[in-house]
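Close look at the chain arrangement
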Amino acid sequence: MVMDVLINSSVTPLVEAASQIIEGIIEMVVASENVLVGKKSFVKLSSYLNALVPLLQELNRGHIAASEGIQNFIEILDHQVREGKKLIRDCSERSRFYLLVNSRSIAKHVEAITKEIIRAISCIPFASLNVSLKMRDDIEQLISNMQNAEFRAALAEEDILEKIESGIQERNVDRSYANDLLVSIAKAVGVPTDRSALKKEFDDFKSEIENLCSRKDKAEAIQMDQIIALLERADVASSLDDKEKKYLNKRNSLGVQPLEPLMSFYCPITREVMIDPVETPSGHTFERSAIEKWLSEADEPSCPITSNSLEISMLRPNKTLRQSIEEWRDRNNMIMVASLKSRLSSENEEEVIHCLGQVKDLCEQREIHKEWLILENYIPTLVKLLSVKNRDIRNQALRILCLLVKDNDDAKERIATVENSIEHIVQFLGRRIGERKSAVTLLLELSKCEAVRDSIGKVQGCMLLLVTMLSNTDPQAAGDAKNVLDNLSYSDDNVILMAKSNYFTYLLERLSSGSDQVKMRMAKTLGDMELTDHKKAALTECGVLDLLLDLVPHDDVEMKIVAVQALLNVSSLEKNGQEIIKKGAVRPLLDILYRQTSSQKLRELVAATVVNLALSTIAKEGSDSEPVFMLETGDDISELFSFSTMTVPALQQEIFRAFHAMCRSPSADTVKSKLRECSAVQTLFRLCEVDDVISLRANAVKLLDCLIKDADGDTVLEHVTQNSIESLLKILKTSNNEEETASALGTIASLPESSQISEWLLESPNLQTIFGFLSDDRNSAHQKPLVLENAVGAIGRLTTPTSLQLQKKVAEAGAIPLLVRLLETGTNLTVKRAATCLSHLSQSSLRLTRQISRRQSLWCFSALPEAVCPVHHGLCTIESSFCLVEASAVEPLSRALRCQDTGVCDAALDALLTLINDEMLQSGCKVLAEANTIPAMIKLISSPCASLQEKVMNCLERIFRLVEYKQKYGASAHMPLVDLTQRGNNRLRSLAARILAQLNVLHDQSSYF
């Protein structure tokens, strides 16, 4: 066409021709960038052509006159540009698989075009052309580059072509080989590797081959048929029905009897059928390993049959014989596969085990045997064997299934269609280690198949067993279990099941990077789960708190709800609660509580979470961890309490619970003080009278108990009314909540001493209720110690010496013997409070003792009545004079002095000291001595409590005034007193020295005074 232009055109023939070629080159340059196969070759060719554009532009401008050489150059170049465009077009339109297997011929075609371009350039008469020296140099360099250029298929393409050739030459019919080869081709040409995409591309490839046959391109068609035959072994190349039909046709044509091997199949050396036959130059065939061993051991290597000299290098594979042997073996093995299946159903277990061994050997010999077993429908039979009693049969069947499903989606799908097959396999995860390992290996293969994954995830208990296997001592089994979980994590349902089995990895991933809908579902799962403390701690270590806190400010109320619910769940662990506080979450939560009015559920969840955070701040005895403060300022405390007074009961009670916890935290003093300023005591007393919301009242009473302990008496008196007293007593009578009862008793115990309060207590018809908590039927093993401790504390409020009427109520109720009994059986706090009660009562004994009148004249001769109290010298009873001697309280109180708790010792000592006051010293000391109390007092000199030391030494100083007790007990007091003079404070040292002087150990003029 270009030559026609050059000859026939009368105007500018070169311009037209050059213009067409430039356009063609530009099209090639653009198109070469989009070629999938041989791209490097096309890009290189395009660059060479592009280098000719300046020369063509000179022709286009008319600067170069027409000549025969130029005409030849234009003609050849135009033809090659058209060839290049056609080749690129073919590479864009044909099957990508076809292009890859032809990548070498494509490279050769590009190389041929390049050579023709060189020939075209050589036609240019540069000597007669008016072109620049630089252009000439550029053209010479271009020719040199093209002459040295090498055009080859890409390394990946070459590797695939070599595998194809090897597979054809070696007759490699291994299914996995074909699968890998097909996937490699797909990756090389940019085809997705999923089953449907591979199937479509392979079908396009076969259609391309059919077109070749129709065009009678026989040589290429034969080569492609061989490639097709190799790749058809892949799973996606043909449907399972097609494979099954082809297999059954072939199997049915073989008959049922195996054939004996031909004599030519036997190796002359080993007398066994050969596997890898090799031929000598003389035409004899041997097994490769046998003849190589023969030659290597011989002094003069020679043929075993002809004795001719023979070297290993002279051996050549006998491919024809090898093919015949393999065909014979395949025929017999196919007959064996067909015959073994029925024998697996035998009732003879030994026969079944033997047959399973043969099946396993077949699987391990060649890949094709596994396919035959699948097509022969062995899988349902093998699955059925998983449920037999014989462990050996079960294990063999399981191992064979593992072999069958390896890289075979057809086998996996067949297993899934067998009823209860996955359930049977999962059951093995709970058996012996060997069975567990085989089962998890099988599940790993099954989980790689999309069609089977759903079935695995739906088996009850599967996730739990897999998660349990993660801690298996066998690293292979643990790794397989991890990989199964990885494969199953595609489903949100499976991820939730894993989380419920305490494996949270994938749940946290989705909570971090999933869509809002997925995040909401994962957070809801966390909120609904029952988590152990260990799992709560593990979740926090994995960063769950930050993920949840990021969701709290979300605009969607439902997202806020699930996030806060999950925080509520994990915050019940103290460490987690403290961590949430440290992350600054309290203020955002309180803002929701104060301002989120559209969702009551959300506010209730926030309030409950705030309670958990407050509980996490409670100070632990002996803990050296840094204290955590929940509310940073007094304004925060005031704001929260003010909100509680205006909100609904459900939120009120949660806020009271939070404050109750904060009142036991390191910031307790600040919280209590601020609450008292906010008139919380008044509010709480009023709520004690509420009967319609029992849970609110209970939490109000608990907080009130905290606030009035150690509170200023006037502050409390300002808000206490008779109704308040009556409400507290009514709670004791009606409440079934032990914590509420204990708090009500504690509140009564903390009421300040006031004649008005004492009068209200006396007037209450429910006062007797307090005493009931000391009786045997109420003081049971099921009752919390706190109830009894506070009950005794409440009785302590009734025994104050300022109210004799209340003391009489206590005695009349029979409480004194019960208090004495508690000295032996109660907790330390109970003993301390019981001793305090007895001390209060004993202070009134002397004035309540009924004195005996005696006739003055007979004073020296009259005997005292038997009932006269040895301490008070009158008629004493428990009910009338609250006498400790009559109540048999002296010995229990003496034993209490030996308690490690100094508070108990102090209270017991106070009670005992009431027996030696003033004129009772002589008689009281006698009673104490009889109860062996004085030695216990002497031991208290070494107490770690300075106030107790001082109190006991003041007591001993009085006792040692009596010569009898000074002589009897003084010596035992020497050492502790001397020790105290060395290490005590000034006051104690002086007191100890004074007693030592009293005991004649130190002089009155000692420097200790």
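To keep things clear, this report deals only with the structure shown in the data block. Note that residues are indexed from 1 along each chain, following the sequence as it is written. In keeping with the predicted nature of the model, local features appear solely for residues at pLDDT of at least 70, side-chain atom pairs appear and are counted solely at 80 or more, and the whole-chain, interface and lining totals rest on all residues. Side-chain numbers here rest on the full set of heavy atoms in the structure, without hydrogens or water.

Glancing now at the packing of helix α19 (residues 391–405) against helix α22 (residues 433–447). As a rule, the C-alpha atoms of each element are fitted with a line to give its axis, helices using only the stretch in contact, and angles between N-to-C directions run from 0 to 180 degrees. By the criteria applied, helices consist of DSSP H or I runs no shorter than four residues and strands consist of E runs no shorter than two, each listed in order from the N terminus. Two elements in contact, α19 and α22, have axes separated by 9 Å at closest approach and are oriented at 25°. Our classification of the angle between α19 and α22 gives roughly parallel. Seen from above, α19 lies across α22 with left-handed handedness. For the pair α19 and α22, the contacting residues are R391, R394, N395, L398, R399, L401, C402 and V405 in the first and E435, S438, A439, T441, L442, E445 and L446 in the second. Amino acids outside the nonpolar list (Ala, Val, Leu, Ile, Met, Phe, Trp, Tyr, Cys, Pro) and the charged list (Asp, Glu, Lys, Arg) are all regarded as polar, and Gly is one of them. Split into classes, the residues belonging to the contact of α19 with α22 amount to seven nonpolar, three polar and five charged. For this classification, under 35 degrees means roughly parallel, over 145 means roughly antiparallel, 65 to 115 means roughly perpendicular, and everything else is oblique. Note on convention: near helix rotated counterclockwise from far helix by under a right angle means a left-handed crossing. Clockwise means right-handed. Pairs of residues are marked as contacts when any of their non-hydrogen atoms sit within 4.5 Å.

The next point concerns the pattern of salt bridges. By convention in these notes, a salt bridge is any Lys or Arg side-chain nitrogen within 4 Å of a carboxyl oxygen on Asp or Glu. Overall, the coordinates contain 49 salt bridges when judged by the stated rule. For the salt bridge of R251 with E376, the shortest nitrogen-to-oxygen distance reads 2.6 Å. With R251 in helix α13 (residues 240–252) and E376 in the loop between α17 (367–375) and α18 (379–385), this residue pair connects regions lying 125 residues apart in the sequence. Here R251 matches E376 in class, with each residue buried. Residue R343 pairs with E351 through a salt bridge whose shortest N-O separation is 3.5 Å. Here's how the labels work: a residue is buried when its accessible area is under 20% of the maximum for its type, exposed when over 50%, partly exposed in between, all with a 1.4 Å probe on protein chains only. Under the relative-accessibility criterion, E351 is labelled partly exposed at 28%.

Here the focus is the packing of aromatic side chains. Under the pairing criterion, centres of Phe, Tyr and Trp rings, with the six-membered ring standing for Trp, must be within 6.5 Å; the plane angle then separates stacked pairs below 30 degrees from edge-to-face pairs above 60, leaving the rest tilted. One pass over the structure, following the stated rule, counts seven aromatic pairs. Each ring, one from Y503 and one from Y506, has its centre 5.7 Å from the other, and the planes form 65°; the classification is edge-to-face. By relative accessible area, Y503 is classed as buried at 11%. Taken together, the ring pairs in this structure connect F97, F202 and F205 into an aromatic cluster. Distance and angle both matter: a charge sits over a ring if NZ of Lys or CZ of Arg is within 6 Å of the ring centre and within 35 degrees of the ring normal. Above the ring of F151, the side-chain terminus of K44 is found at 5.1 Å from the ring centroid. When the ring centre of Y490 is taken as reference, the NZ or CZ atom of R453 above it lies at 5.4 Å.

At D710, a position not held by glycine, the phi torsion is positive, near 60°. Within the fold, D710 resides in the loop between α39 (694–708) and α40 (713–717). A positive phi angle is found at F882, which is not glycine, with a value near 55°. Tracing the backbone shows F882 in the loop between α50 (878–881) and α51 (890–896). What makes F882 buried here is its relative accessible area of 1%.

With that settled, the discussion passes to a negative patch on the surface. Each patch groups residues whose relative accessible area exceeds 30% and which form no salt bridge, using 9 Å between like charges and 5 Å between nonpolar side chains of Val, Leu, Ile, Met, Phe, Trp and Tyr. Under the convention used here, a 1.4 Å probe and the Shrake-Rupley method define accessible areas, while residue burial counts only the protein chains that appear. His residues and chain termini do not enter the charge count, which takes Lys and Arg as positive and Asp and Glu as negative. A charge is said to be at NZ when it belongs to Lys, at CZ for Arg, at CG for Asp and at CD for Glu. Taken together, the side chains of D516, D555, D556 and E558 define an acidic patch exposed on the protein surface. In this structure, D556 sits in the loop between α30 (544–551) and α31 (557–570). Given the relative accessible area of 33%, D556 is considered partly exposed.

Structurally, L1002 is set in the segment after α57 (986–998). L1002 gets classed as partly exposed once you look at its relative accessible area, which sits at 22%. Sequence spacing of L1002 and K108 is 894 residues, and the spatial spacing of their C-alpha atoms is 124 Å.

Another aspect to go through is the sheet that holds strand β2 (residues 285–287). Note on pairing: DSSP must find at least two bridges between two strands before they are called paired. Spatially, three strands are ordered β2-β1-β3 in an open sheet, and the strand pairing comes out antiparallel. Bordering the open sheet on either side are β2 and β3 (316–317), each of which pairs with just one other strand. The pairing of strand β1 (residues 277–279) with β3 spans two bridges and is antiparallel. Bridge pairing in β3 places E279 opposite R316. Set on the sheet, helix α14 (residues 288–297) makes contact with β1, β2 and β3; between it and β2 the angle comes to about 95°.

Spatial relationships are all this shows, so hold off on functional conclusions.
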